[in-house]
Every structure is written in C-alpha cells, then in structure tokens.
Amino acid sequence: MVTSPAGGRVLLRRLREAMAEPQSPQTRLDKIVRIIAANMVAEVCSVYLMRAGDWLELYATEGLNPSAVHNSRLKVGQGLVGDIAAHARPLNLSDAPEHPNFVYLPETGEEAFHSFLGVPVLRAARVIGVLAVQNQTRRHYTEEEVENLQTVAMVMAEMVAQGGLIDPSEWEEAATKRGSSMRFKGLRMAEGIAMGHAVLHEPRVEITQMIADDAGVERQRLTRGIDALRKSIDLMLADVDLAPHGEHREVLEAYRMFAHDAGWLTKLEDAIDSGLTAEAAVERVQLDLNARLSRSTDTYLRERIQDLDDLAHRLLRHLAGKADTAAHEGLPDDAIVIARSMGPAELLDYDRTKLKGVVLEEGSPTSHVAIVARALEIPLVGKVEGLIDRIDPDMRLIVDGEQGEIFLNPGPEIIRAYEEKNALRAQRQAAFAAIRDEPAVTRDGVEVKLNINAGLLVDLPHLVETGANGIGLFRTELQFMVGSAFPRLGDQTELYKAVMDAADGKPVVFRTLDIGGDKALPYLEIEPEENPALGWRAIRIALDRPALLRYQSRALLQAAGGRPLSIMFPMISDVSEFIAAKAVLEKEVGRLRQLNRPTPENLKVGTMLEVPSLAFQLPALLPMVDFVSVGSNDLMQFFFASDRGNPRLADRYDYLCPPVFALLRHISKSCDAANVPLTLCGEMAGRPLEAMALVGLGFRSLSMTPAAIGPVKVMIRSLDQSALARLLEQLTDRPDHTVRAELAAFAEANGVAV
Ligand code: PEP
Ligand code: MG
C-alpha cells in the first residue's frame, strides 16, 4: 500500500497522465482502477457511482468479476458500499464478511477478500460514489492509507464531474428526491413568506483542479491564502458589530486559534507535497478532520466540525480571490440568502429588488439584523440549525416568517399550499388597508396612537400605506451604517428633510445616533470590548465625542427649519446624561438664533427608557423631558441580564410575565401622573398579544414595524381594555415564568383578534 507522500505523488502523477490520455471516459475509469490497485498493492479496486433512485452501480473494477460491471447494484444504505454512501464516511475493516452490513453479491466473487477499505466519492458535500480496495489477507489499513484513498477519491470526483459517465441530471433528480419537502424549524424574526432560490451569503468555491503542476507554487499560494485568512479573522474580531452575537465571538476566537494552528498548516503542506493543488489540499485535510472529529467522543470537538468547515471554506475563498459575500455577485431575481450569521450592514448590502428572504443558522428576534429585515419587509427565519450543509446553490426554498419554518426543495403540494397562504395574506392585507383610515380605538373607547419605526428612505411610503399616526422611532444610525464614511452634514440634513417632507406634518421622533453594541460603523474603530452591549455605545459615545452629536443636532435643526421637531436620546442611564445631551442640542439652537436662522416652532426633547436604572429616577427625570419612549429590546436585555443577540437566550424569558408588567406599569403610571407622553418602540409593540398587554398596562402610544400596524389595529378595535386591566391586576403577584397562556385565553374568550 502507499505509505508515503512520495508514493502518493507517484499515484497522483499516474492518475493525471491517465486522465490526460484521449480515450473514452469508461476506458479511462477502467485504467484508473488498475493504476490504483497496482499502486496500493491491493488485489481489488472498484468504483461504484450513484445513479438515479439512490442506486450505487459498479462502474469499474480490477480484481472482481468483470462481468459484474454495470450489472451489480446496491441501494444507498445497503451493504458496506451502501453504508459508506449513506454516512459519507470511510469504512476500514480487516474482516469485511464479519461486518453486520456485509451483503454478499454472488456475481462479483468478492467472498475471497477479507480486508476492505472504502471511502465516499464526494462532490460539493454530496456522495456521488464509493471507491474501495480489498485484500485477501486480514489486515487493518493504516490511517495514511485511508487518507491516500480519500485523496484519490477526490480526484475521481473531479473526473466524474467532467462528464461522459453519468448524466448529472441523475444527481439532481436524486438531490431533489433527497431534499423533497425537507422541513426545518427555526425562529420567526421577520414576518412574511418568500419563495425563491438559495444563495449562500458566503459562497462555496468549486474546486476544478485537483492535481498540481508545481508544489512550490501551490505552497506559496497557500501561504498567501493563510495570511489573508488570518488578517480577515482579526478584522472580524475587531469589529464590534459581531461581538454581541454571543456565540459568534467565541466562534471567531476558535477560527483564530485554528488558523494559527501549526498542525493544520503542516497537514495542508503535506497534502500539497503529495501532489495536490492548494485548494484540493484544503478539501483533503478538511475531509480527514471531519472524519476524525465525528468519531470523537468529546462533544466540544464534535461541535467544532462546523467551525472548521466554515474556516476551510473561507480559506478556499481567499485562495480563489473571492472573499466577498454574495451581495456583490450576480443574484437571481428571487434570492433567498442563507448565512450562519449576518450583521445589519451586510443585509443592507444586498440589492433589495432581488432579495426576497433570509435564513440564518444563528440570530435572535431582537438582533439588529432582524430589525432591519422587518424594516425592509424581508421575511427572516433564524436559528435554523444545520441548514447550510444541506443547501446547494440555486435550490428552491420557501421561507415562512410567520411560522418560523423553512422548506427545502418543496414539492408541488407545498408550493400550492404556500401560494394559497400568500393569497390569504394578501386578503388580510386588504382587510388592514380597509381600516387604514379608521382610528385605533378599543371597544370601550380608548384611543391608542400607532406609529411606525423607520430608519431608511425606503421606510417612508409605509407611513401613508399603513395610515400610521407618525414615526415613533426614526433610527438615524442606519444612514451611518450603510455608508463607507461618516455622512456629511449636508447628507444628514437632506435625509432628515426628506423624512419630514414625507411625513407631511405627521409627527416624527428622531433618535440621535445609537451606535456601538451590535451596530458597527465600518469606518469608526471601537476597541474590542468584553461586553459591548454594556459598553461604549449610543449616548456614551455621543457625550465623549460631542462633535458627532453637535453635527447631528445641527442637521436636524436645519432640516426642520421652522417646523416642529422631536428628538430623543438613546441609552440614557442617568438624568445627568440627558441634561448633558440636551445642552449640546440647545447650544446648536442658540447658534441658529445668533445666525438669525429659523429654529423649530416646537422643539420637543425626550429620552429613550431602555436602561432599568432610569426607571428608578422618574421623579427627577420626568419634569425635564417632553416625552419618554420605552426601548423594550434593550430594556428587557438589561432587565433579565440576557443578551438580545444571543440565539441561545432568544426564547429564554417571556416578556409577558409579572415582573415585566410591574416595571412597565410603574413607568406608565409615573408618566401619567406627571402628564408626560409615553410610548413604547421596541419589537414587542408590534406583536398583537404583547401590544394587548401594553394597552392593558396603560400604554396609549406604540411604535412598531410597519407590517404590524394592521394586525395591532385589528386587535385594539376588538379589545375591551378595562376588562383586560382587571385581569392584569390579578396576574401581578403570580410567581409564573410566563402568563402568555392566560392572556391568550382572555383574548380567545373575549373575541380579541390576536
Ligand atoms: C430598543 O432597544 O427597544 C429600541 C427600540 O432600540 P434598538 O432596537 O434600536 O436598540
Ligand atoms: Mg435600544
């Protein structure tokens, strides 16, 4: 058997020569099995290729009965060969007939052979065949022999893909069958239904050349690729945008560790020395690591398989010079982008006319990527584990952002069902449109003002479409996040002016820059922090770098001219921060007055309440503010000490529970008593059952994602809020983790449309 890299090199050279000879694909395959058998000192070498219907057909053999070729078949899962194909992993046996899965095929005459080594032939993570060698003696093949046979299988995969042996449509048929109506459950992160074709956010690289001409050149390419990979990981780690995704930082730290691992590098270099190209070496080493880790009993190591796969794909992209995301490649018109995780700016990078849906393996509903997806009305399902491995580019899929489900390769019945669902959705939208101009008044006569959250120009038409009262939260940071440099004063003024023009007299509340945490600006370096959500962000940056806030205030005041203007500050943790921020704004007002320029006829200055400490300073705060807006996304993150971006914690706490009610009731009562207008602009405002609770707790203004206005209005118009307020009083002192079921039962019993 081949036991050295030199032996491997000789074998690869012979294979390359055989592949270059002008002959029919079948003759070439026959020759190749002979070369492998001779080189590996095996009495048998056979190759089975996958046919339609999940059949593995014997395509060539050296050593078994030649008449069995094209006449001997095994189903995937059947026999040793079928077992290898089913599990996509090698089998190394010293006494094959003893193995419980051994199936004796009389036509092959293989009973004489005891030892057996078989490996899958893989193409783009899919099994397209099995390559096996056999010997008469009972022997155990060495790890090195297994690795060498896997290398040969990779080359064989390339040869099969070149065509002439099997019509590739047979694999597509098999893939469609395998994937048909495969359903995945995830978390609803942005509503809506999308049907389209899969696009991997980080595209895979197809390896077209396996055997190298010059090992020296390949080593140099590898060194350059590894350098670029390491630099890109360092850059990602320095990016604050990634940090609050909880697990994501850990993953990147693991990447960094692996990317600097000397053992990994040596393995890659050895694979190159055996005659492979740098790309083939990466794949080869990855296959081997995968096989080893999946056998490991250590769960931590097994869980690292995905990280290592990801890392290998990244390295392949650097080698191919394609390190960008799919946003910069040709997208289909109905792209469904699939990523492990994604920041809000990366999502905004996509052409919105083509992007129809997004699926993330990680993510949580209050993360900013989810908020941006909702603003853009792009259905998003998160926390869909293990999806990327099953995706082939261009696969059809359905994203159901209402149920939090994904269907891969949906069959005609599922497609029909979803077309109907879409039609029903359209009907529901029409019903919402019909009450567009009706007020949101409860059955017992209490009016609730419904506003939309916005942040981009694309959001503005929603104000008219939904009939909302105004914009309750304009996230100004989105303009800063989509650009490659700080927007100039003129650009800021222009955007704010366009927003006020579009609002046409309806109130708009501008929130000053809320960056840091998971909202990174590509051009603003923030030192990596242990806890970015608790770190240097939002108003803390603004007060430490007052020029930013000063310019933004100037832009807002100029855009308003003489019109009314409402401004609020994010992440205020104590009253002194509000006082300091307001002073910056007032200085700008004073400057305008000095210049004899118009100042807003009615300037309202308020605060977000999203840090629990502020809820305990209301007596000092309320006399100073014109309004309060509860940011429940952050408030709940800090209240429960539970990272809003961490998918593991996404559904750990339910906001519909007595302690949250106690906090929100305290805020609403205090504002009422002080006559300070109160609103809530976090994601919970847009969920009908949560919105119902908020109305019961005394909230009379809510601000939400535009698509939620219709459903929340329907809920309010069917609600008797005084009955609900009584129920909420009764639930106050309950020890329950959640009272969702009680609220749902109330809605059901009282005909409230949630
Ligand atoms: C919030 O925290 O609830 C909020 C509205 O602000 P953001 O989601 O932008 O942090
Ligand atoms: Mg917030």
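Above this text you will find the structure in question.
Cut-offs used in this document
- Residues numbered from 1 in each chain as written.
- Chains lettered and ligands numbered in written order.
- Predicted model: local features only at pLDDT ≥ 70, side-chain atom pairs only at ≥ 80, totals over all residues.
- Heavy atoms only, no water.
- Near = heavy atom within 4 Å.
- Polar contact = N/O pair within 3.5 Å; in protein donor to acceptor, adjacent residues only side chain to side chain.
- Areas by Shrake-Rupley, 256 points an atom, 1.4 Å probe, with all protein chains shown as cover.
- Helix = DSSP H or I, 4+ residues; strand = E, 2+ residues; numbered from the N terminus.
- Nonpolar A, V, L, I, M, F, W, Y, C, P; charged D, E, K, R; others polar.
- Buried < 20%, exposed > 50% of the residue type's maximum accessible area, 1.4 Å probe, protein only.
- Pairing = 2+ DSSP bridges.
- Core = buried A, V, L, I, M, F, W, Y, C linked by side-chain atoms within 4.5 Å.
- Domains from an automatic or database assignment.
- Contact = heavy atoms within 4.5 Å.

Q: Tell me about the site of ligand 1, and name the residues and values.
A: Lining the immediate environment of ligand 1, one finds 16 residues, of which R475, R511, G631, N633 and R644 sit closest. K519 has a polar side-chain atom sitting 2.9 Å from an oxygen atom of ligand 1. A distance of 3.1 Å separates an oxygen atom of ligand 1 from a polar atom in the backbone of S632. Contact with the protein chains hides 100% of the accessible area of ligand 1, taken as 290 Å² for the molecule alone. For the shell around ligand 1, the secondary structure elements donating two or more residues are α12 (368-375), β16 (471-475) and α22 (632-639). The class makeup of the residues in the shell around ligand 1 is four nonpolar, five polar and seven charged.

Q: Could you give an account of the pairing of strand β6 (residues 126-135), naming the residues involved and the relevant values?
A: Of all the ten residues making up β6, ten are buried; the element is thus mostly covered by neighbouring parts of the structure. Bridge count between strand β1 (residues 44-51) and β6: six bridges; the pairing is antiparallel. Residue pairing across strands places S46 opposite A132, the latter belonging to β6.

Q: Before we move on, could you go through the nonpolar core and cite the residues and values that matter?
A: Counting residues in each nonpolar core, the largest one holds 125 residues, and the members touching the most others are F569, L664, I667, M692, L702 and L743. The biggest single contributor to this core is helix α19 (residues 575-594), with seven residues. Shared between two domains, this core holds at least three residues of each, these being domain 2 (179-203 + 326-421) and domain 4 (438-705). In this view, M692 contacts M715, L719, L724, L743, F746, A747, V752 and V754; residues no more than four positions away in its chain are not counted. Among the nonpolar cores identified, the runner-up in size contains 70 residues, and L15, C45, A60 and F258 belong to it.

Q: Summarise unusual backbone geometry; cite the residues concerned and give the values.
A: Even without being glycine, N409 reaches a positive phi, approximately 45°. Structurally, N409 can be placed in the loop between β14 (405-408) and α13 (412-434). Exposure remark for N409: the relative accessible area of 12% places this residue in the buried category. Despite not being glycine, N596 shows a phi value in the positive range, around 65°.

Structural measurements only, silent on function.
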